[in-house]
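# Structural overview for review
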Amino acid sequence: MAQMRTVKGVAVAPGLAIGPVHVVHAARDAAPTWSVPEEDVPRELSRLHAAIRETSGAIEQQQKLVAQQLGERDASIFGLHKLMLGDPVALKEVETTIREQRINAEAAVQHMVDRVLSSLAGDGGDRVRGSWSQELIDPWRRVLDALMRTDKIEMEKESEQVVIAAAELTPQVVTFLERSRVLAVVCETGGRYSHGAVLARSFGFPCVVGLPNLLSRLEQGMRVCVDGDAATVGLRPASEDVDRFLARIERRKARQKKLALHAGEPAVTTDGHAFATQVNIESVRDLDAFPFNHCDGVGLLRTEFMYMERPQFPSEEEQYRLYRRVLERMGGRPVTLRTLDIGNDKQLPYFKTPKEANPALGWRGLRISLEWQDLLRVQLRAALRASAHGPLRVLLPMVSSLEEVQEVHRVFNGGTKQLRDQGFEVAADVPVGVMVEVPSAVFAIEQLLLEADFVSVGTNDLVQYLLAVDRDNPRVARLYDPHNPAVFAALAHVARAARAAGKQASVCGEMAGDYATALALLGMGFHSVSVVPTMLPEIKYAVRETSFVEAKEIARAACSQSTAEGVRGVLAAARERLHQKQLSDRNGDDAFAESDVATDDIRREGR
Ligand code: PEP
Ligand code: MG
């Protein structure tokens, strides 16, 4: 019996899943390659022929339309495109590649496109390449698009659950199919703190990236075992591998069930110190995915996703209704609404921001809201109106100076007065907080706290800016290290300053989702963490098993380390302590037994 091959990557989201793989395409000119078993070669050929027929038909339509509107001369280019597609030599080349290399249709088309482009570049250099190559290649690019589109349509018709595989982890890949159809996501590249990763975690399926050449080892429909805890993907499991894996899934489920039993209890340390555990959500839908009465409120409502799901900017009324629904669903628990945070990797299809050399350092977050104040005004009006229906807090992303906060306050106060004048009800006190994501906000935290009612540390961005490492760039992903002592020093500084100012401080970046890190944050003096809902039960359990004195000791030890390895050692020791405590207190019934792998493996294995 052939052995299962296990490839090791980087853990993005925990969990175990087994199922057939489906390779998805999310970007043009990046058609992924996977191998096709002999018996599926005819299927790939017929997919190719169908895509060519579809493209040919569409080109013919366009030709007719342009001929009617502008005349035959202008329409002649489409005739040329049709000719290109009908070229028997090109078709034969693609068919031969599928047969001989046993690869998927889109990869074979991409091969041909690449070959034509490079031979043209060789013949006449860039001059020829620019104009001619587009004409030659365009119809075949449309075939690629057709293959990818029909693939999605076909998949949507089915109901089988699949493991999504793709070249790069992007929000499009994670949302390729509806949530209930996805067992796990595995990708060749992708940042652990990119938006695709954030989405995968909030959807709650296991996700592993950093698997070079994965796609060429896959066949569509091949069974794989995804271990999001240990960051591995098992290919072609034998029946005994499947049995072992299924048994692990059962054990994990039992453990989660046990944790869930107590997830409704508050996170209070053994010596009586309460720690608020809140959730990060992207939409009202997210509230259906977990028992919301298990959390102490929404610590981060990423409103930009509500903007992304629409064909145009949502109106004040639309936003008001959405925010009101979240508040009503939370039944009196606070909801922290972050104002629009677009730019960089988060783009709205209907609001094109200019191309920038350094988008992470460019026009994004609050900078856009302050320049396009109409956007901010509408969003604040909607939020303020919703505040009449529950405890709403407003949070500002990407703050880098006190002036920015003062400017928002002016708009905010103006909006409040205007709404009241217009007869709208607005809560008497809507706190306005600041996200600490930029180094200047760490160093100027005392000044910011004079204006801000609370602060929330966005470590996903703070790590990127403190360490000068792009959170979305797989080339430098190894260097993106939340355990760098500078990050812990920044966190401790913010917690101290907030305590001194008598204001609440929270951490809403992804690193707070690790329960040992959450204990360190509690020990530093943070009043809460805000994490993806799936992480809540574990964090609450860990807090209830720890004293505040112990948490302070974890924080002190972590902050006194001079290397990231040292910080990881402290956190690993905190996990081990809980593990041992469990074993001795509960006769071997250990809730933490299988959960301790992911965070440390990320660093040890590199990306
Ligand atoms: C962060 O930067 O840590 C954060 C929570 O915001 P986002 O991930 O949406 O940029
Ligand atoms: Mg951020």
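The numbers attached to residues start from 1 for each chain and follow its sequence in the written order. Labels follow written order: the first chain is A, the first ligand is 1, and so on. In keeping with the predicted nature of the model, local features appear solely for residues at pLDDT of at least 70, side-chain atom pairs appear and are counted solely at 80 or more, and the whole-chain, interface and lining totals rest on all residues. The side-chain figures draw on all heavy atoms in the structure; neither hydrogens nor water molecules are used.

## A closer look at the overall build of the protein chain
The following threshold applies: Think of it this way: any DSSP run of H or I at least four residues long counts as a helix, any run of E at least two long counts as a strand, and we number them from the N terminus. Think of it in three bands: with a 1.4 Å probe and only protein chains considered, a residue is buried below 20% of the maximum accessible area for its type, exposed above 50%, and partly exposed in between. The method behind every accessible area is Shrake-Rupley, applied with a 1.4 Å probe, and residues are considered shielded solely by the protein chains displayed. Only four residue types enter the tally: Lys and Arg on the positive side, Asp and Glu on the negative side, with His and both chain ends excluded. To locate a charge, take NZ of a lysine, CZ of an arginine, CG of an aspartate or CD of a glutamate.
Looking only at helices and strands, one finds 22 helices and 16 strands in the protein chain. The principal-axis extents of the C-alpha atoms in the protein chain amount to approximately 80 × 70 × 40 Å. Buried residues in the protein chain amount to 57% of all 607 residues. Summed over all atoms, the accessible surface of the protein chain reaches about 25500 Å², with 52% contributed by carbon and sulfur. Charged side chains of the protein chain number 74 positive and 82 negative; the gap between the two group centres comes to 1 Å.

## Notes on the coordination of the magnesium ion (ligand 2)
What counts, and what does not: Note on donors: an N, O or S atom is included if it sits within 2.8 Å of the metal, or within 3.2 Å for Na, K and Ca, and water is never included, so sites can look incomplete.
Within the protein, the magnesium ion (ligand 2) binds to Glu437 (OE) and Asp461 (OD); these donor distances fall in the range 2.0 Å. Of this pair, Glu437 sits in the loop between strand S13 (432-436) and helix H14 (439-443) while Asp461 sits in helix H16 (residues 459-467); the two residues are 24 residues apart in sequence, bridging distant segments of the chain. Judged by its relative accessible area of 2%, Asp461 falls in the buried class.

## Considering the pairing of strand S15 (residues 504-507)
Short version of the rule: By this definition, two strands are paired if DSSP reports at least two bridges between them. Handedness is read with the strands pointing away from the viewer; a crossover is right-handed when the path from the first strand over the helix to the second is clockwise.
With four bridges joining them, strand S14 (residues 454-457) and S15 adopt parallel strand pairing. Each residue of the ladder has a partner; that of Val455, found in S15, is Ala505. Bridge analysis of S15 against strand S16 (residues 528-531) gives two bridges, and the strand direction is parallel. Bridged to Ser506 within S16 is Ser528. Note on the crossover from S15 through helix H18 (residues 515-524) to S16: the handedness is right-handed.

## Remarks on the site of ligand 1
To be explicit about the condition: Nearness here has a simple test: a residue counts as near a molecule or strand if at least one of its heavy atoms is within 4 Å of that partner. We define a polar contact as two N or O atoms separated by no more than 3.5 Å, with the added condition that, inside protein, one atom must be a possible hydrogen donor and the other a possible acceptor, whereas residues neighbouring each other in sequence contribute only through side-chain atom pairs.
Neighbouring ligand 1 are 15 residues; Arg302, Arg338, Glu437, Gly458 and Asn460 lie closest to it. A distance of 3.1 Å is found between an oxygen atom of ligand 1 and a backbone nitrogen or oxygen belonging to Thr459. In this structure, Asp461 approaches ligand 1 through a main-chain N or O atom, which is 3.0 Å from an oxygen atom. Considered on its own, ligand 1 offers 290 Å² of accessible surface; in the complex 100% of this is hidden by protein.

## Regarding empty space enclosed by the protein
What counts, and what does not: Here a cavity means grid points, on a 1 Å grid over the protein atoms only, where a 1.4 Å probe fits yet cannot get out; a pocket means an open set of points with protein on both sides within 12 Å along at least five of seven lines; lining residues are those with an atom within 4 Å of a point. Grid points are joined across faces, edges and corners, and a volume is the space filled by probe spheres set on the points.
Applying the stated rule across the entire model yields two cavities of 30 Å³ or more. Considering the residues around the largest cavity, the lining is formed by 16 residues, among which Arg302, Arg338, Glu437, Asn460 and Asp461 are closest to the centre. Looking at the lining of the largest cavity, the elements with two or more residues in it are strand S10 (298-302) and H16. A per-element tally of the lining of the largest cavity places H16 first, with three residues.

## Topic: the pairing of strand S11 (residues 335-338)
Both faces of S11 are covered, namely the face carrying Val335 and Leu337 and the face carrying Thr336 and Arg338. The pairing of S10 with S11 spans three bridges and is parallel. Paired with Leu301 across the two strands is Leu337, which belongs to S11. As defined by bridge partners, S11 adjoins strand S12 (residues 392-396) across four bridges and the pair is classed as parallel. Bridge assignment links Arg338 to a residue of S12, and that residue is Leu395.

## Observations regarding helix H20 (residues 548-559)
An α-helical turn contains 3.6 residues, so a residue and the one three or four places further along point in the same direction. Going by this rule: In this analysis, the expected span of each helix is defined as 1.5 Å times one less than the number of residues it contains. Two residues qualify as a contact provided that any one of their heavy atoms is within 4.5 Å of a heavy atom in the partner residue.
Taking 1.5 Å per residue, twelve residues should reach 16 Å; H20 reaches 16 Å between its end C-alpha atoms and fits that length. Residues of H20 that are buried in the fold lie against helix H17 (485-501), H18 and helix H21 (564-585).

## Overview of the domain arrangement of the protein chain
Let me state the cut-off plainly: Domain borders in the structure are assigned automatically or taken from a domain database. The term buried area denotes the loss of accessible surface (1.4 Å probe radius) that occurs when two parts are joined, taken as the sum for both partners. By definition, a salt bridge exists where a carboxyl oxygen of Asp or Glu is found within 4 Å of a side-chain nitrogen of Lys or Arg.
For the protein chain, the assigned domains are domain 1 (5-30 + 158-250), domain 2 (40-154) and domain 3 (262-605). Averaged C-alpha coordinates put domain 1 and domain 3 at centres separated by 27 Å. Opposite the 22 residues of domain 1 that make contact, domain 3 presents 24 residues. The junction of domain 1 with domain 3 conceals about 2100 Å² of combined surface from both sides, 59% of it contributed by carbon and sulfur atoms. Per-residue buried area on domain 1 facing domain 3 is highest for Tyr193, His195 and Asp229; these three make up 34% of the total on that side. Between domain 1 and domain 3 we count two salt bridges in total. Notably, a salt bridge pairs Asp286 with Arg179, separated by 3.1 Å at the nearest N-O pair. At the boundary of domain 1 with domain 3, the tally comes to three residue pairs in polar contact (both at pLDDT 80 or more). When contributions to the side of domain 1 that touches domain 3 are tallied by element, the ones reaching two or more residues are strand S2 (10-13) and helix H6 (195-203).

## Side note on the sheet that holds strand S7 (residues 223-227)
The criterion, for reference: In this analysis, axes come from line fits to C-alpha atoms, helices being fitted only over the stretch in contact, and the angle between any two N-to-C directions falls in the range 0 to 180 degrees.
Pairing is mixed across the open sheet formed by eight strands, whose spatial order is S1-S8-S7-S3-S4-S5-S6-S2. Two strands bound the open sheet, and with one partner strand each, they are strand S1 (5-8) and S2. Averaged over all adjacent pairs, the angle separating strand axes in this sheet is 30°, with direction ignored. Where strand S5 (residues 182-189) meets strand S6 (residues 207-209), two bridges bridge the pair, whose relative direction is parallel.

## Observations concerning the packing of H20 against H21
Two measures define how a pair of helices packs: the angle their axes make with one another and the distance between the axes. Inclusion rule: What sets the label is the angle itself: under 35 degrees gives roughly parallel, over 145 gives roughly antiparallel, 65 to 115 gives roughly perpendicular, and the rest give oblique. Definitions for this section: a left-handed crossing has its near helix turned counterclockwise from the far helix by less than a right angle. A right-handed crossing has that turn clockwise.
Viewed as axis vectors pointing N to C, H20 and H21 meet at an angle of 155°, and their least axial separation amounts to 8 Å. It follows that H20 is roughly antiparallel to H21 by the angle criterion. Between H20 and H21 lies a crossing of right-handed hand. Residues Glu550, Ile554, Ala557 and Ala558 of H20 form the contact with H21, whose own contacting residues are Val567, Val570, Ala574 and Arg577.

## A closer look at the confidence of the model for the protein chain
Residues shown with low pLDDT carry predicted positions that ought not to be read at fine detail. Filter applied, for reference: Confidence of the predictor in every single residue is expressed as pLDDT, which spans 0 to 100.
Averaged over every residue, the pLDDT of the protein chain is 89; the share at 70 or more is 93%. When the criterion is pLDDT under 50, residues 125-130 qualifies, and its contacts beyond four places in sequence or with other chains add up to six contacts. A low-confidence stretch, residues 595-607 stays under pLDDT 50, and its non-local contacts, those more than four residues away or across chains, total 42 contacts.

## Brief notes about the environment of Glu154
The topology assignment puts Glu154 in helix H4 (residues 105-157). The class for Glu154 is partly exposed, based on a relative accessible area of 42%. Measuring from C-alpha to C-alpha, the distance between Glu154 and Val186 comes to 21 Å, with 32 residues separating the pair along the chain.

## Digging into the nonpolar core
The following threshold applies: We call a set of buried residues a nonpolar core when its members are Ala, Val, Leu, Ile, Met, Phe, Trp, Tyr or Cys and they connect through side-chain atoms within 4.5 Å of each other.
In this structure, Leu301, Tyr323, Val326, Val455, Leu491, Met524 and Phe526 are the most contacted members of the largest nonpolar core, which totals 104 residues. Membership of the second largest hydrophobic core comes to 55 residues, among which are Val7, Ile52, Ile98 and Leu235.

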